[in-house]
Amino acid sequence: MKLALKEVLLGTALAILVFLAVRGFDITPLILIAAMVLVLKFTVDNRSQSSRFDVIERKGVSTTIPQVAFSDIGGQDVAKREFKEALDFIRLDQEVRALGIRPLKGILLVGPPGTGKTLMAKAAANYTNSVFIAASGSQFVEMYAGVGAKRVRQLFKKAYSEAEKAGKQAAIIFIDEIDVLGAKRGKNVSHMEYDQTLNELLTQIDGITVNQNIRLLVVGATNRADLLDSALLRPGRFDRIVKVDLPDRRGRLQILKIHAKGKPLADDVDLDKVAQSTFGFSGAHLESIMNEAAIQALRCRRQQITNEDLREAVEKVMLGERLERTPTEQERIRIAYHEAGHAVISEKVNAGSVASVTIVSRGNALGYMRQHEEDDRYLYTKDELLGRIQVCMAGAMAEELVFGQRSTGSLGDIEQAEKIAKKVIYSGLSDLGVVSSELPTMTLSRTINQIIQEQECIVREYLAANINKLHILAEVLLEQEKLSGQELRGILHQSA
Ligand code: ATP
């Protein structure tokens, strides 16, 4: 209709111009004015068009269905199952309507960064044959009042129109970092604008009904669900919460295998070992490990990825890129003794725990000793925590024994030891017994000090009695710069 009206107006204008020209009027100024109006209109249209859709276009609107399937997501078995169950509300639309079930409007994915929340949302679109529209919470945050709310409206409108265009009956709107836009109302400095945006989101979600031709589902992702306004979480809005956690060892292996597809692996590669040594890594970290290992193989002009490439990649992802820092010879010797101290005590506390030790700088570390756990650990006893404090303080103790003084190189170790000591105290494992979270600062700091000092005494005694191990290890490290756990244990065994 709109188009027809435009054409009629254009035709009439042209007819008038021809009539005037035939009558002998000079129509040049009229043509010039018309051209200027057209240019102006074209510019304004273009601008408003881009601002209208920049919410999604910056992130790349996908009008097709993403090619990600749930089988491309490693681990997350529970999350995938729960998510799929919720999505079946969309797939079994007829049955849902027949039973008078109210439509599922929102699902919230909660979990640390890089665990696959975006992947899940894309797989959901694939699973439900929906178009996928993605936006990020921060894209709705604007200085100008009303802009965020307007963008929310445009986002929903866009979802319906894209689904219509693609001939789909469902659309999924994915809002990453939803906490930025859905934080508790009245908390933000420029709260009026934030509140308006959130109110608009609530209104749009409430507007989703079972009678619409296109079923709309909003999938939000956040790692801070506690920040969200309770209105967002109430039944009828984001009433399904799916936890997308860091993967366990089995999940890590699955993710590594997914990202190893199409990458030639040498026979010595054992992905299960890599999974074992990467406790606490997210899917994004694991993807990065496989990628970095392949880059390392390319650098060395190798056709296959070796175990060494993977070990190097794990350390790079964990600690950062190798640095070209050149410490003085005095510093190198100190670093070698420091790392040797960590390694000796790590093997004393937990035999076989050292994965590698090096005096090559990487990221913020001048040298480092990496441990690997036998299994994923979620619980620690008091002795295990104290053992970890011993490992932390062993670098400083070795320096003190050999050079008579510690150095600033132990700063990170002390912070780590302090954290563990706090865990001992707040878990009720210290001499204080069970304590309240409001423990006076003086008592807390005195107890932390006492715990660390006691462990330092044990470490000092052990290292003094095994000083030859320290000397030999430091010497080998100065020569070779890097030792694998196995090489280290061989040396310790010989020097026993
Ligand atoms: P953020 O919270 O930072 O937005 P996210 O949880 O949405 O992160 P994704 O963007 O889905 O994480 O994941 C980033 C990348 O990490 C993916 O493209 C993929 O390569 C990899 N990845 C993460 N989790 C998994 C997984 N479970 N299986 C396979 N790959 C994964």
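Before reading on, note that the structure itself is shown above.
Keep in mind the model is a prediction, meaning the values are calculated, not measured. (Residues numbered from 1 in each chain as written. Predicted model: local features only at pLDDT ≥ 70, side-chain atom pairs only at ≥ 80, totals over all residues. Heavy atoms only, no water.)

(A) Summary view of the sheet that holds strand β8 (residues 482–484). As summarised here, the arrangement of the three strands in space is β7-β6-β8, forming an open sheet in which the pairing is antiparallel. Across the chains shown, the open sheet's two edge strands, defined by having one partner strand only, are β7 (368–371) and β8. Across the sheet, the mean angle from the axis of one strand to that of its neighbour is 10 degrees, orientation sign disregarded. In this sheet, β8 lies alongside strand β6 (residues 354–358) in antiparallel orientation, the contact comprising three bridges. Of the residues in β8, the one forming a bridge with V357 is L483. Contacts between helix α14 (residues 329–349) and the sheet are confined to β6 and β7, with β7 contributing the most and set at about 20 degrees to the helix. Along the sheet, helix α19 (residues 485–494) contacts β6 and β8; its crossing angle with β8, the most-contacted strand, is approximately 90 degrees. (Pairing = 2+ DSSP bridges. Helix = DSSP H or I, 4+ residues; strand = E, 2+ residues; numbered from the N terminus. Axes fitted to C-alpha atoms, helices over the stretch in contact; angles between N-to-C directions. Contact = heavy atoms within 4.5 Å.)

(B) Representation of the layout of surface pockets. Empty space within the largest pocket amounts to approximately 1700 Å³. Along its surface, the largest pocket is lined by 43 residues, and M369, Q371, C392, D413 and Q416 are the ones closest to its centre. Looking at the lining of the largest pocket, the element that brings in the most residues is α14, giving eight residues. Taken together, the residues that form the lining of the largest pocket break down as 16 nonpolar, 17 polar and ten charged. (1 Å grid on protein atoms, 1.4 Å probe; cavity = no way out; pocket = protein on both sides within 12 Å on 5 of 7 lines; lining within 4 Å. Points joined across faces, edges and corners; volume = space filled by probe spheres on them. Nonpolar A, V, L, I, M, F, W, Y, C, P; charged D, E, K, R; others polar.)

(C) Broad picture of the environment of L108. Tracing the backbone through its elements, the reader meets L108 in strand β1 (residues 106–110). Taking the C-alpha atoms as reference points, L108 and D176, separated by 68 residues in sequence, lie 9.9 Å from one another. Beyond its immediate stretch of four places on either side in the chain, L108 contacts I178, G220, A221, T222, L228, L233, F238, R240, I241 and V242.

All quantities given are derived from atomic positions and should not be read as evidence of function.
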